[in-house]
Amino acid sequence: ADQDLSEFAQVQNLGSSVANISGWTLEDSEGLTFTFPSDALLGPGDSLVVTRDAGAFSQEFPGQCADYSGWTAQLGNSGDSVLLRDAEGQNQSYVEWRGTSDWTFDPASGETLVRIEGSDTGTSADWTIDPAPTVPAPPCRKLILLTQV
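These numbers come from a predicted model, not from an experiment.

About the criteria used
Residues numbered from 1 in each chain as written. Predicted model: local features only at pLDDT ≥ 70, side-chain atom pairs only at ≥ 80, totals over all residues. Heavy atoms only, no water. Buried < 20%, exposed > 50% of the residue type's maximum accessible area, 1.4 Å probe, protein only. Helix = DSSP H or I, 4+ residues; strand = E, 2+ residues; numbered from the N terminus. Pairing = 2+ DSSP bridges. Core = buried A, V, L, I, M, F, W, Y, C linked by side-chain atoms within 4.5 Å. Contact = heavy atoms within 4.5 Å. Phe/Tyr/Trp six-rings, centres within 6.5 Å; stacked < 30°, edge-to-face > 60°.

J.: Any chance you could explain the pairing of strand 8 (residues 79–85) here in plain terms?
T.: Within strand 8, six of the seven residues are buried, which leaves the element mostly enclosed by the surrounding structure. The pairing of strand 3 (residues 25–28) with strand 8 spans four bridges and is classified as antiparallel. Bridge pairing in strand 8 places Leu-26 opposite Leu-84.

J.: Got a minute to help me understand the nonpolar core in this structure?
T.: As a rule of thumb, soluble globular proteins bury nonpolar side chains together. Within the largest apolar cluster, 19 residues are counted, with the highest numbers of intra-cluster contacts made by Leu-26, Phe-36, Leu-48, Val-50 and Trp-71. Elements represented by at least two residues in this core include exactly strand 1 (8–12), strand 6 (47–51) and strand 8. Beyond its immediate chain neighbours, meaning those up to four positions away, Trp-71 contacts Ala-9, Leu-26, Glu-27, Asp-28, Leu-32, Thr-33, Phe-34, Val-50, Thr-51, Arg-52 and Val-82.

J.: What is the right way to look at the packing of aromatic side chains in this model?
T.: The relation between two aromatic rings is expressed through the spacing of the ring centres and the mutual angle of the planes. One pass over the structure, following the stated rule, counts four aromatic pairs. Considering the side-chain rings of Phe-34 and Phe-36, the 5.2 Å spacing of their centres and the 85 degrees angle between planes classify their relative orientation as edge-to-face. Centroid distance Phe-34 to Tyr-68: 5.8 Å. Interplanar angle 50 degrees. Geometry classified as tilted. Residue Phe-34 is located in strand 4 (residues 33–35), and its partner Tyr-68 is located in strand 7 (residues 68–69); the two are separated by 34 residues in the primary sequence. Summarising the burial analysis for this pair, Phe-34 and Tyr-68 share the class buried. Here the aromatic cluster, defined as three or more aromatic residues joined through ring pairs, consists of Phe-34, Phe-36 and Tyr-68.

Treat this as a map of the structure, not an account of what it does.
What follows is the structure, encoded as structure tokens:
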């Protein structure tokens with residue numbers, strides 16, 4: 001896995017009401033887990049960023065902010081996965097990328113994987129590639145669901 005401290009995952013509430021994600025977890029393919037704290041609420045359409053290091057994230061993406069830091073995952077640019085589980089341990093979202101995936105995905109250039117709203121086929125068709133943003137929207141750009149650099 002790569003040693004990039006600015007790596008991140010983002011979770012977005014695609015629902016129409018506030019989501020309580022207290023106790024929810026993000027887990028990479030090596031089992032490195034981040035658990036959302038007891039006050040983690042996510043409004044409709046809102047998103048939050050979890051990163052390894054908030055300072056490194058802010059340097060890499062000026063004008064953007066991380067909501068939580070300290071996730072020890074080291075997401076691999078050539079392949080990895082991220083699993084989002086609710087507080088009861090039920091899978092809520094999953095993305096996996098490999099060098100042989102259906103995507104022509106270049107995270108080193110700043111591209112990110114973005115979940116297509118309303119799509120849940122369990123395949124790569126649920127995701128699209130978003131090129132690197134050029135100008136973030138203050139105070140935090142919404143980078144959409146599960147993403148990695």
